[in-house]
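# Observations on the three-dimensional arrangement
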Amino acid sequence: MTVSRPQVLFVCVHNAGRSQMAAGFLGALAGDAVVVRSAGSMPAEQINPVAVEAMAEVGIDIRAEVPKLLTAESVQESDAVITMGCGDACPYFPGKRYEDWKLDDPAGRGIDAVRPIRDEIRARVVTLLDELGV
């Protein structure tokens, strides 16, 4: 018997900072126990270099990630959908677990302003893993 792994989708507008950091933490902390995705309603051209730097400081490399467009299919495939300020742009499907994490946007901020955002995301990811039983 195979045990299905929970699938988590992190969504923010540009998929360049918050959602990428959250996906990086979830992947690093849960390994293969969870399927991790991230996407944005209006993806940026590239990931925020300050977010990459902030994650590198804690040993997580997200340099290879690229912003991806949010699709209805990615929401449907996910067990938990974590939004980060994407507002009405996020599709809603009944029976999914939705959470909206109110987080400052790291866009245009320096590393000193991004570190506390990164640390809050990590704390929320740890709580999420506990709630998912991982």
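Model, not experiment: these values are computed from the prediction. (Residues numbered from 1 in each chain as written. Predicted model: local features only at pLDDT ≥ 70, side-chain atom pairs only at ≥ 80, totals over all residues. Heavy atoms only, no water.)

## Quick look at unusual backbone geometry
Even without a glycine there, the phi angle at Asn 15 is positive, about 50 degrees. Tracing the sequence through the fold places Asn 15 in the loop between strand E1 (7–12) and helix H1 (18–30). (Helix = DSSP H or I, 4+ residues; strand = E, 2+ residues; numbered from the N terminus.)

## Looking at the packing of H1 against helix H4 (residues 111–132)
Taken N-terminus to C-terminus, the directions of H1 and H4 make an angle of 50 degrees; their axes are 9 Å apart at the nearest point. In terms of orientation, H1 and H4 fall into the oblique class. Crossing handedness for the pair H1 and H4: right-handed. Where H1 approaches H4, its residues Arg 18, Met 21, Ala 22, Phe 25, Leu 26, Leu 29 and Ala 30 are matched on the opposing element by Val 114, Ile 117, Arg 118, Ile 121, Arg 122, Val 125, Val 126 and Leu 129. Within the contact of H1 with H4, the residues separate by chemical class into 12 nonpolar, no polar and 3 charged. (Axes fitted to C-alpha atoms, helices over the stretch in contact; angles between N-to-C directions. Parallel < 35°, antiparallel > 145°, perpendicular 65-115°, else oblique. Left-handed = near helix turned anticlockwise from the far one by under 90°. Contact = heavy atoms within 4.5 Å. Nonpolar A, V, L, I, M, F, W, Y, C, P; charged D, E, K, R; others polar.)

## Let's talk about the side chain of Ser 38
Assignment of secondary structure puts Ser 38 in strand E2 (residues 35–40). What makes Ser 38 buried here is its relative accessible area of 6%. A polar atom in the side chain of Ser 38 sits 3.0 Å from the side chain of Asn 15. Ser 38 has contacts with Leu 9, Phe 10, Asn 15, Ser 19, Gln 20, Ala 23 and Lys 68, leaving out every residue within four places of it along the chain. (Buried < 20%, exposed > 50% of the residue type's maximum accessible area, 1.4 Å probe, protein only. Polar contact = N/O pair within 3.5 Å; in protein donor to acceptor, adjacent residues only side chain to side chain.)

## With respect to the sheet that holds E1
Judged by pairing direction, the sheet is parallel, and its 4 strands sit side by side in the order E2-E1-E3-E4 without closing on themselves. Edge positions in the open sheet fall to E2 and strand E4 (97–100), since each of these has one partner strand only. Adjacent strand axes in the sheet meet at a mean angle of 20 degrees, parallel and antiparallel pairs treated alike. As paired elements, E1 and strand E3 (residues 80–83) share 4 bridges and run parallel to each other. Residue pairing for E3: Leu 9 is matched across the bridge by Val 81. In the packing of H1 onto the sheet, contacts are made with E1 and E2, and the angle to E1 comes to roughly 155 degrees. (Pairing = 2+ DSSP bridges.)

## Quick notes on the pairing of E2
Looking along a regular strand, one sees side chains alternate from face to face of the sheet. Pairing geometry for E1 and E2, over 6 bridges, is parallel. Within E2, the residue paired with Cys 12 across the bridge is Gly 40. A crossover connection joins E1 to the parallel E2 through H1; in handedness this β-α-β unit is right-handed. (Right-handed = clockwise from strand over helix to strand, strands pointing away.)

## Here we look at the packing of helix H2 (residues 49–57) against H4
Interaxial distance between H2 and H4 falls to 9 Å at its minimum, and their mutual angle equals 60 degrees. With respect to each other, H2 and H4 are oriented oblique. The element H2 and its partner H4 pack so that their crossing is right-handed. Of the residues in H4, those touching H2 at Val 50, Ala 51, Glu 53, Ala 54, Met 55 and Glu 57 are Ile 111, Val 114, Arg 115 and Arg 118.

In short, geometric facts, not functional conclusions.
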